[in-house]
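For reference, the chains in residue letters:
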Amino acid sequence: MGDNDKFTMQKTYARDKLTWLAYFVMAFYGFFINVIGPITPYLKDELNLSYTVASLHYSLFALGILLIGLMGNAIITRLGRWRAWWLGAAGVSAGALALIAAQNPVITIGATFVMGLIGSLILILVPLVLSDHHGDLRAVGLFEANLVASLVAAVAPLLVGVFARTSLGWRAVLAAMSFAPILLYFIFRDVRLPAAAPIPKSHAPTAQSLPRAYWLFWLCLVLGVAVEFCMLSWSADFLKTTWGMPQADAAQSVSIFLAAMIAGRVVGSRLAQRISAQHLVMASVCVALAGFLCYWLGGSAQLALLGLFLTGLGVASLYPLILSLAIETAPGQSALATTRASLASGVAILVLPLFLGRMADAVGIRLAYGVVVAVLVGLLAILLAARKKSAQKSDG
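Residues numbered from 1 in each chain as written. Predicted model: local features only at pLDDT ≥ 70, side-chain atom pairs only at ≥ 80, totals over all residues. Heavy atoms only, no water.

Novice: Any chance you could explain the overall build of the chain here in plain terms?
Specialist: Looking only at helices and strands, one finds 16 helices and 0 strands in the chain. Radius of gyration (C-alpha) of the chain: 20 Å, near the 21 Å computed for a compact globule of 396 residues. A principal-axis box enclosing the C-alpha atoms of the chain has dimensions of 55 × 45 × 35 Å. Here the chain holds 396 residues, and 59% of them are scored as buried. In the chain, the share of contacts with a sequence separation of at least 24, taken over all contacts with a separation of at least 6, comes to 86%. Between the mean site of the 26 positive side-chain charges and the mean site of the 15 negative ones, the chain shows a separation of 5 Å. (Helix = DSSP H or I, 4+ residues; strand = E, 2+ residues; numbered from the N terminus. Rg over C-alpha atoms; globule rule 2.2 N^0.38 Å. Buried < 20%, exposed > 50% of the residue type's maximum accessible area, 1.4 Å probe, protein only. Contact = heavy atoms within 4.5 Å. Lys, Arg positive; Asp, Glu negative; His and termini not counted. Charge placed at Lys NZ, Arg CZ, Asp CG, Glu CD.)

Pasting the structure below:
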């Protein structure tokens, strides 16, 4: 059995103060990246936006992720991990405050770009720090970081729906959360992040320095993240348009998807210790595909909500498992591997939700959503090819 065919526990996983700081900062980032979808219908109505323009809020966030994926390694090296860590948190807060204060789509879209560009230093640093801190047990850390982020993110649509019904409005939720980094800093200011390991000249941060296997998993990351954010971006609008749900109810229904991701990551973190990561990823894709078909083609709102839950259950394990497998292919290059992995998230969030929004303008949201089926089938095909290649390498 090859190295990627099993997950072996070599020591007890320790959740120290540094680990919890990583979890909470990831949760803070996860809240804001997941709240954009539920607030998009409100922005669309308030600012009289088309589907395409409304989708630019996620797309510009993604463009920021993409750019920081190219520059992040250099920025972190220049500033140091600690300063870059809190700069990322401050970037999310600044962008969020600009978003809620603005009444112009140019400014609201620009605010999400700032959140993606500066804030996504968090997306690089949290997996990097957990990987360096926990070594061979990085998969457990990545699962749990994403689990904590999902727990917080699941509350976001609920809070948007609740506050939208009050005089405070949905903006109050974003305003309150934007001050979370101040609290975290005072609680964890004595924590020190693990120092970066020296990078040999042969491993300079270029695309050519990472192995081919890494880029295969990188492509899988693109497709997996694309499905997640197509659901987060447009499921509220899909439920409203297709099944006539009230806007607040449709926004709150996104929490079903996020709750399923929580359940999936709780189960996945346990199964990852007993089942081949590649087998678990493929099983997850199959569950997501079955769930999405129920969500997309179901004949009632109830079936759509059931399908939304099953899709989230399947999608939950994709990012942490694929990222762990990707980092494993590049020993000694964790900083570069995690930086380039953020590019995958940027590409996925930039391209797919925008493409789906343009299709929705042309043919309607229900027909446009069929692109998710193609993405899931493509992901499964690449994983099957990767498994075959891995088996051939083991036999050799």
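Novice: Which parts of the structure should I look at to understand the nonpolar core?
Specialist: Generally speaking, nonpolar side chains in soluble globular proteins are found buried as a group. By size, the foremost hydrophobic cluster in this structure holds 143 residues, and its most contacted members are F32, W85, L174, F292, Y295, Y369 and V372. Sorting elements by how many residues they give to this core places helix α9 (residues 212–243) first, with 18 residues. Look past the residues within four positions of Y369 in its chain and what remains in contact with it is C230, M231, W234, S235, F238, F292, Y295, W296 and L356. (Core = buried A, V, L, I, M, F, W, Y, C linked by side-chain atoms within 4.5 Å.)

Novice: Got a minute to help me understand the packing of aromatic side chains in this structure?
Specialist: Aromatic rings in a pair are described by how distant their centres are and how their planes are angled relative to each other. Scanning all chains against the criterion turns up 18 aromatic pairs. A centroid spacing of 6.1 Å and a plane angle of 55° characterise the contact between F24 and F188, whose relative ring orientation is tilted. With F24 in helix α1 (residues 17–46) and F188 in helix α8 (residues 180–188), this residue pair connects regions lying 164 residues apart in the sequence. The exposure class of F24 is partly exposed, given its relative accessible area of 35%. (Phe/Tyr/Trp six-rings, centres within 6.5 Å; stacked < 30°, edge-to-face > 60°.)

Novice: Got a minute to help me understand the side chain of R265 in this structure?
Specialist: The residue R265 is located in helix α10 (residues 247–271) in this model. Nearest to the buried, unbridged R265 among oppositely charged side chains is E228, at 4.3 Å. A polar side-chain atom of R265 sits 3.1 Å from the main-chain carbonyl oxygen of N146. (Salt bridge = Lys/Arg side-chain N within 4 Å of Asp/Glu carboxyl O. Polar contact = N/O pair within 3.5 Å; in protein donor to acceptor, adjacent residues only side chain to side chain.)

Novice: What's the story with helix α13 (residues 318–328) in this structure? I'm lost.
Specialist: An α-helical turn contains 3.6 residues, so any two residues separated by three or four positions project in the same direction. Counting buried positions over the 11 residues of α13 gives 10, a clear majority of the element. Taken as a whole, α13 has its buried residues at L318, Y319, P320, L321, I322, L323, S324, L325, A326 and I327.

Novice: Help me understand empty space enclosed by the protein in this model?
Specialist: To find leftover empty space, a probe the size of one water molecule is rolled over the atoms. Inspection of every chain in the model, using the stated rule, returns 4 cavities of 30 Å³ or more. Here the largest cavity defines a volume of roughly 250 Å³. As for the largest cavity, its lining consists of 19 residues, and the residues nearest its centre are M26, I33, N146, E228 and F229. Of all the elements in the fold, those that place two or more residues in the lining of the largest cavity are α1, α6 (138–164), α9, α10 and α14 (334–363). Residue contributions to the lining of the largest cavity peak at 5 residues, all from α1. (1 Å grid on protein atoms, 1.4 Å probe; cavity = no way out; pocket = protein on both sides within 12 Å on 5 of 7 lines; lining within 4 Å. Points joined across faces, edges and corners; volume = space filled by probe spheres on them.)

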